[in-house]
Amino acid sequence: QRKNPFSNDERLAAKPVHSHRGDPSYGRPPEGSKTEQRGRDAHSHVGKEVEELCGIIRSTGEKGEDGHVSVTFRQLFETYVTISNKVVGILLRARKHGLVHFEGEMLWQGKDDDVIITLL
């Protein structure tokens, strides 16, 4: 509607049409919006799941000579799947934050059962 020449809605005309790269608000929801709050809530929820995953690795894994706790993907999947069906996504998030390490881009049930996941 902002580009509609027949629109008389002044609320639309007051907002910028696009933000540009480099702008601090680029790619972010408006401050104080429900979208921003939902994003914060989702981030918090995923953070709790990552913490829970690390706790499961700590409790089911074995401590190696280097002091790090490790578990195979099969062991982790069989334990964690009863809690959440998003184990691979949570593993990827934990790796992104430097909490775990494993080889490969993605883990697949069956194919990657023997991949070692190490808690850092």
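Placed above this text is the structure.
The structure presented is a predicted model; accordingly, all values stated were derived computationally and were not measured.

1. Quick word on the overall build of the protein chain
Piece 1. Summing up its helical and strand segments, the protein chain has four helices and four strands in all.
Piece 2. When its helices and strands are written in sequence order, the protein chain yields α-α-β-β-α-α-β-β.
Piece 3. In the protein chain, which comprises 120 residues, the proportion classed as buried is 24%.
Piece 4. Put simply, 44% of the contacts in the protein chain that link residues at least 6 apart link residues at least 24 apart.
Piece 5. Put simply, the protein chain shows about 9100 Å² of open surface, and 51% of that area lies on carbon and sulfur atoms.

2. Quick word on the sheet that holds strand β4 (residues 116-119)
Piece 1. Spatially, the four strands line up as an open sheet ordered β1-β2-β4-β3, and their pairing is antiparallel. One side of each edge strand has no neighbouring strand; the edge strands of this open sheet are β1 (62-63) and β3 (100-101).
Piece 2. Sheet analysis places β1 next to strand β2 (residues 69-72), joined by two bridges and oriented antiparallel. Paired with Glu62 across the two strands is Ser70, which belongs to β2.
Piece 3. Each of β2 and β4 touches helix α3 (residues 73-80); the most contacted strand, β2, lies at about 80 degrees to it.

3. Considerations on the pattern of salt bridges
Piece 1. What the rule picks out here adds up to four salt bridges.
Piece 2. In this structure, the salt-bridge partner of Arg40 is Glu36, at a minimum N-O distance of 3.0 Å. Separated by four residues within a single helix, Arg40 and Glu36 lie in helix α2 (residues 34-60), roughly one turn from each other.
Piece 3. Ionic pairing is found between Arg74 and Asp114, a salt bridge with its closest N-O pair at 3.9 Å.

Definitions and limits used
- Residues numbered from 1 in each chain as written.
- Predicted model: local features only at pLDDT ≥ 70, side-chain atom pairs only at ≥ 80, totals over all residues.
- Heavy atoms only, no water.
- Helix = DSSP H or I, 4+ residues; strand = E, 2+ residues; numbered from the N terminus.
- Buried < 20%, exposed > 50% of the residue type's maximum accessible area, 1.4 Å probe, protein only.
- Contact = heavy atoms within 4.5 Å.
- Areas by Shrake-Rupley, 256 points an atom, 1.4 Å probe, with all protein chains shown as cover.
- Pairing = 2+ DSSP bridges.
- Axes fitted to C-alpha atoms, helices over the stretch in contact; angles between N-to-C directions.
- Salt bridge = Lys/Arg side-chain N within 4 Å of Asp/Glu carboxyl O.

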